[in-house]
Amino acid sequence: MASMVQSALAQDPFTGTVFVIRAKRADRMKILFWDGSGLVMTYKRLEENSFIWPAIRDGAITLNRPQFEALFAGLDWRRVRSLEPRRPAAAE
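Thresholds applied
- Residues numbered from 1 in each chain as written.
- Predicted model: local features only at pLDDT ≥ 70, side-chain atom pairs only at ≥ 80, totals over all residues.
- Heavy atoms only, no water.
- Helix = DSSP H or I, 4+ residues; strand = E, 2+ residues; numbered from the N terminus.
- Contact = heavy atoms within 4.5 Å.
- Pairing = 2+ DSSP bridges.
- Axes fitted to C-alpha atoms, helices over the stretch in contact; angles between N-to-C directions.

The name given to the protein in an unreviewed UniProt entry is Probable insertion sequence transposase protein, with the source organism recorded as Sulfitobacter indolifex HEL-45.

What follows is the structure in structure tokens.
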């Protein structure tokens with residue numbers, strides 16, 4: 001899988017970036033990432049549903065952490081929005 005990341009995506013699998021490869025049926029995914037001491041690969045299959053996958057451009061997509069967590073949980077990642085940081089209101 002690391003060689004596929006290097007050849008197909010022209011990416012370095014040893015950067016700590018999380019790479020997710022989906023199955024054709026969209027109900028399974030493999031995840032690969034470097035944790036600093038070795039490559040970690042995990043596999044997930046949804047029993048009753050399919051993952052909702054983003055549109056893929058140039059062979060890759062980018063998700064922020066909350067979107068990825070929603071995708072991994074089998075939720076609709078498109079409905080996930082990060083909160084905008086703001087300063088607290090001054091106490092009067």
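Next comes the rest of the account.
Visitor: Sorry, what's going on with the environment of Ile61 here?
Guide: Looking at the secondary structure, you find Ile61 in the loop between strand E3 (39-45) and helix H2 (65-72). The spatial distance from the C-alpha of Ile61 to the C-alpha of Phe19 is 9.7 Å, given a sequence separation of 42 residues. Every residue in contact with Ile61, bar those within four places of it in the chain, is listed here: Pro54, Ala55 and Ile56.

Visitor: Looking at this structure, how should I read the sheet that holds strand E1 (residues 19-22)?
Guide: Sheet strands pair by backbone hydrogen bonding; their relative direction is either parallel or antiparallel. On the basis of which strands lie adjacent, the open sheet formed by three strands has the order E1-E2-E3 and antiparallel pairing. Looking along the sheet, the strands with just one partner apiece sit at the ends: E1 and E3. Across the sheet, the mean angle from the axis of one strand to that of its neighbour is 20°, orientation sign disregarded. Relative to strand E2 (residues 28-34), E1 runs antiparallel, the two being bridged by four bridges. Bridged to Val20 within E2 is Ile31. The sheet contacts of helix H1 (residues 2-9) involve E1, E2 and E3, and relative to E1 the element is tilted by about 90°. The strands touched by H2 within the sheet are E1, E2 and E3, with E2 carrying the most contacts at an inclination of about 140°.

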